[in-house]
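Observations on the three-dimensional arrangement
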Amino acid sequence: MKNETTSNKGSGPGAQRQAARQALEAKPLDLLIIGGGIVGAGIARDAALRGLRVGLVDQHDFAFGTSSRSSRLLHGGLRYLAQGRVGLVHEASVEKKVIHHIAPHLADPLPFIFPTYRGNRDWVLWQLKIGVKIYDLLCGGRNLGKSTWLSQDDVLQKVPGLVPDGLNGAVRYYDGLTNDARLTMDTLRSAAASGAIVLNYCRYKDATRSELWECELEDRLAQQSFKVRARAVVNATGPWADGLPHSRVKLRATKGIHLVVEKARLPVSETVVMSEGKRILFAIPWGERTIIGTTDTDYNGSLDDVWADITDIAYVLKVTNQFFPGAGLSEADVISAWAGLRPLVADPNGKPSDVSRAHEIHNPEPGWWDVAGGKLTTYRLMGEQTVDRVVAWLSKLQELNGKFARCRTAQEPLLPVAETAGLSGIIPPEFSRRAVEHYLAREWAMHLDDIMVRRTSWHYYFRDAAAKARQVAEWMGELLGWSPEELSAELERYTRMTGTQMQASSARAVEAVSA
C-alpha cells in the first residue's frame, strides 16, 4: 500500500515537517532509508513506485554531501575503460542514456575533445581512437553522439586557445552534462509523489531489532528525538556510511575539487580533457561559466567540513594554464569552488585514481543493507538492485501486504515538464522570488544555503552571490516570518557553510556578506 504523501502546497515548511514526522511514526515502514543523497533518493523512488511504505531521512539537507559536489557529468568513464573496467563502463554507459530518457532536462548530450601530445605515453592517439569506438559500443551501439577523431588543425579550430606545441590530434566522444543536486531533488520529488515520506535535517542515532527495526531519530531543527519502526533499513549515507551503528562498510574517502570561472576567461564550447600523467581533468562549459576539475587525493578530515584548499586550487589552475597558456588564470579569476568526497569501497593499495568506482550492496544483519561506492551515473541501477534485494527478503518473510510492482524507474519520467520548467535544469534558474517560494513550498528548503547552493547553484554561478544571498534571505524572512535575529543568523550560517568550500576566499565571502 502506498504511503501518504507529505506534499502540501498550502502548508509551510514547518507544518510539512510535522506532517512527515507524524507519518513516519504512525505505523511501521516497509523500508527506512538513511541518507538523502542521489543513491538514497534513487532507492526511495524505486521502492515507492513498487508500492512499499518508504521513509527517508538525512542528518543534513538533501544532497548536502557528494551529491552536490561532483563533476556534474553523466559518463561511462573513458579512463575506467583504459583501466580495463569494462563492466563498470558498460553499466554507466547504459545508465547515462536511461537518465537522458527519464530526465531530459537534466541530461544534455555533451561532446568531449581529448587532445594528445607527442611524448605522452599514458594517452596515445591510436589507442584512444580504438577506445572511443569501444566506448560507443558499450552504450548498446548508440551513444549520446557518434565519436570521431580530429586532426591538429581541426582541434585548434574547435579549441583555439589550446597549446599547439606537440599536438598530434584528438578524439571527440560524447557523455552527458547534468546538475547533480537537481537530479537528487527531482528524484526525491518523484519519490514523494509516489508516497515516500522524506525528512531532511533528521539524524539517525541508533537502532535495535526484534521483530522490527526500532530506529532512534533526531529532528535536528526541533531538537527532538523520536522513534520509527521499519521492517528493513538501508544505509545509503555515502562518505558517512562506515560511521553508522550497525554498518559494516569500510571506505576510502578521496577528495575532488572544482573551480568555476567566467566563460570569457576560458572559452570552451565543448568539454576539453586535460591529461596530467594518467590522471585527467576537465574544462566543462556551463552556460556563461566554465567548470574546471577535478583532483583525486586521499582524505582523512571532517566529513561535514570539506573545502578546496590553496594547494588544490593551485594544482587545478596550473594544469589548466599548461593547456591554455593564453588564459593565464589566477585565483582572482575563480568565482567559486566546491569540494566533495568520493565514498570508495576501501582498498588501501594503489593511488586514489586507481581505486574502483564500482558499487557494493551488503546485508550484514537481517533486514539491514549497506550500499557503498558507485557513481552518480549509476544511481538508478544501484537503487533497483538494492530494492530487488529488500523486496525478495520481505517477500520471503511474507511481510509485504499484497502484490508489489516491478521496477519502473528506467521507464517512468522523473517529473512532468510543467513541474520542472524554469525551476530545475542544468543552468541555474532565473533569480526570482517565485523560485524561492517554490523551493520553500515544494522542495523542503529550510536554510538560506539550501536554496543558494543546492536548489539553484546561484552561489556557484554568480560573482555577486553574497548580494543575492542577502536578497534571498530577505524573501525567506518575509515568507517564513523570520525575526531580524533569525535573518542575521541565516546570513552567518551561509557565510560559514559556503566560505569553507574555498578556503582561499573565506575572508572575501565573510566581508561581502557582512557588508
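Relevant structure appears above.
Residues numbered from 1 in each chain as written. Predicted model: local features only at pLDDT ≥ 70, side-chain atom pairs only at ≥ 80, totals over all residues. Heavy atoms only, no water.

1. Things to note about the overall build of the protein chain
For the protein chain, the helix and strand inventory stands at 15 helices and 18 strands. A globule of 515 residues ought to have a C-alpha radius of gyration of about 24 Å, and the protein chain, at 23 Å, matches this closely. Seen along its three principal axes, the alpha-carbon backbone of the protein chain occupies a region of about 70 × 55 × 45 Å. In the protein chain, which comprises 515 residues, the share counted as buried stands at 60%. Of the contacts made within the protein chain by residues no fewer than 6 positions apart, 74% connect residues no fewer than 24 positions apart. Distance between charge centroids for the protein chain: 5 Å, based on 62 positive and 59 negative side chains. (Helix = DSSP H or I, 4+ residues; strand = E, 2+ residues; numbered from the N terminus. Rg over C-alpha atoms; globule rule 2.2 N^0.38 Å. Buried < 20%, exposed > 50% of the residue type's maximum accessible area, 1.4 Å probe, protein only. Contact = heavy atoms within 4.5 Å. Lys, Arg positive; Asp, Glu negative; His and termini not counted. Charge placed at Lys NZ, Arg CZ, Asp CG, Glu CD.)

2. Details of the pairing of strand S10 (residues 224-235)
Looking along a regular strand, one sees the side chains alternate between the two faces of the sheet. In terms of strand pairing, strand S1 (residues 29-34) meets S10 through five bridges, oriented parallel. Pairing of Ile33 across the sheet is with Val234, part of S10. The sheet contact formed by strand S9 (residues 213-219) and S10 spans seven bridges and is antiparallel. Paired with Asp219 across the strands is Gln224, a residue of S10. Pairing analysis gives three bridges linking S10 to strand S18 (residues 368-373), with the strands arranged parallel. The residue bridging Val234 from the neighbouring strand is Trp369, located in S18. (Pairing = 2+ DSSP bridges.)

3. Structural notes on the pairing of strand S8 (residues 202-209)
Strand direction decides the pairing type here: S8 and S9, joined by seven bridges, are antiparallel. By the bridge assignment, Cys202 is partnered in S9 with Asp219. Connecting S8 to the antiparallel partner S9 that follows it, the hairpin turn spans three residues.

4. Description of the pattern of salt bridges
Counted by the stated rule, this structure contains 37 salt bridges. For Asp333, the salt bridge is made with Arg265, and the minimal N-O distance between the two is 2.9 Å. One end of the pair, Asp333, is in the loop between helix H8 (310-323) and strand S16 (334-345); the other, Arg265, is in the loop between strand S11 (251-262) and strand S12 (271-276), with 68 residues separating them in the sequence. Relative accessible area serves as the criterion here: at 28%, Arg265 is assigned to the partly exposed category. (Salt bridge = Lys/Arg side-chain N within 4 Å of Asp/Glu carboxyl O.)

5. What about the nonpolar core?
By size, the foremost hydrophobic cluster in this structure holds 51 residues, and its most contacted members are Phe114, Tyr173, Leu448, Ile451 and Val472. Of the residues forming this core, the biggest block, six residues, is contributed by helix H13 (residues 465-480). The contacts of Tyr173, once residues within four sequence positions are left out, are Leu78, Leu110, Pro111, Phe112, Phe114, Val132, Tyr135, Ser147 and Val273. Formed by 47 residues, the second largest nonpolar core is a distinct cluster that contains Ala44, Ile99, Val198 and Leu414. (Core = buried A, V, L, I, M, F, W, Y, C linked by side-chain atoms within 4.5 Å.)

6. Details of the packing of aromatic side chains
Going through the model one piece at a time under the given rule, you end up with 15 aromatic pairs. Their ring planes at 90° and their centres at 5.6 Å tell us that Phe112 and Phe282 sit as a pair that is edge-to-face. Here Phe112, found in strand S4 (residues 108-117), pairs with Phe282, found in strand S13 (residues 279-286); they are 170 residues apart in sequence, far enough to count as distant. Here Phe112 falls in the buried class, since its relative accessible area comes to 1%. On the basis of relative accessibility, which here comes to 9%, the residue Phe282 falls in the buried class. Aromatic side chains Tyr204 and Trp368 sit 6.0 Å apart centroid to centroid with 50° between the ring planes, which places their arrangement in the tilted category. In this pair, Tyr204 sits in strand S8 while Trp368 sits in strand S18, placing the two residues 164 residues apart along the sequence. Residue class for Trp368 comes out buried when judged on its relative accessible area of 0%. (Phe/Tyr/Trp six-rings, centres within 6.5 Å; stacked < 30°, edge-to-face > 60°.)

7. Looking at the packing of H13 against helix H14 (residues 484-499)
Between H13 and H14, the least distance of the axes is 10 Å, while the angle of their chain directions is 145°. Crossing of H13 over H14 shows right-handed handedness. Two secondary-structure elements touch here, H13 through Ala465, Ala469, Arg470, Ala473 and Glu474 and H14 through Leu487, Leu491 and Tyr494. Residue composition of the contact of H13 with H14, by class: six nonpolar, no polar and two charged. (Axes fitted to C-alpha atoms, helices over the stretch in contact; angles between N-to-C directions. Left-handed = near helix turned anticlockwise from the far one by under 90°. Nonpolar A, V, L, I, M, F, W, Y, C, P; charged D, E, K, R; others polar.)

8. Concerning the side chain of Glu490
Inspection of the secondary structure puts Glu490 in helix H14. Put simply, Glu490 is tucked away with no salt bridge, and the nearest opposite charge, on Arg493, sits 4.6 Å away.

9. Here we look at the state of the cysteines
Counted by the stated rule, this structure contains zero disulfides. Free cysteine: Cys215, not disulfide-bonded; nearest cysteine sulfur from Cys202 at 10 Å. Classification of Cys215 by relative accessible area gives buried; the value is 0%. (Disulfide = S-S within 2.5 Å.)

10. Describing unusual backbone geometry
A cis geometry characterises the amide bond from Gly293 onward to Thr294, with omega recorded as 20°. Note that Thr294 resides in the loop between strand S14 (289-293) and strand S15 (297-298). In this structure, Arg72 takes a positive phi of about 65° despite not being glycine. Structurally, Arg72 can be placed in the loop between strand S2 (54-57) and strand S3 (73-74). On the accessibility criterion, Arg72 (2% relative accessible area) is buried. Non-glycine residue Ser457 carries a positive phi angle of around 65°. Mapped onto the fold, Ser457 is located in the loop between helix H11 (448-455) and helix H12 (458-461).

11. Some words on H11
A large share of H11 lies buried, amounting to eight of its eight residues. Within the sequence span of H11, burial applies to Leu448, Asp449, Asp450, Ile451, Met452, Val453, Arg454 and Arg455. On its buried face, H11 sits against helix H7 (180-193), helix H10 (433-442), H12, H13 and H14. Once H11 finishes, Ser457 follows within two positions and takes phi at roughly 65°, a positive value.

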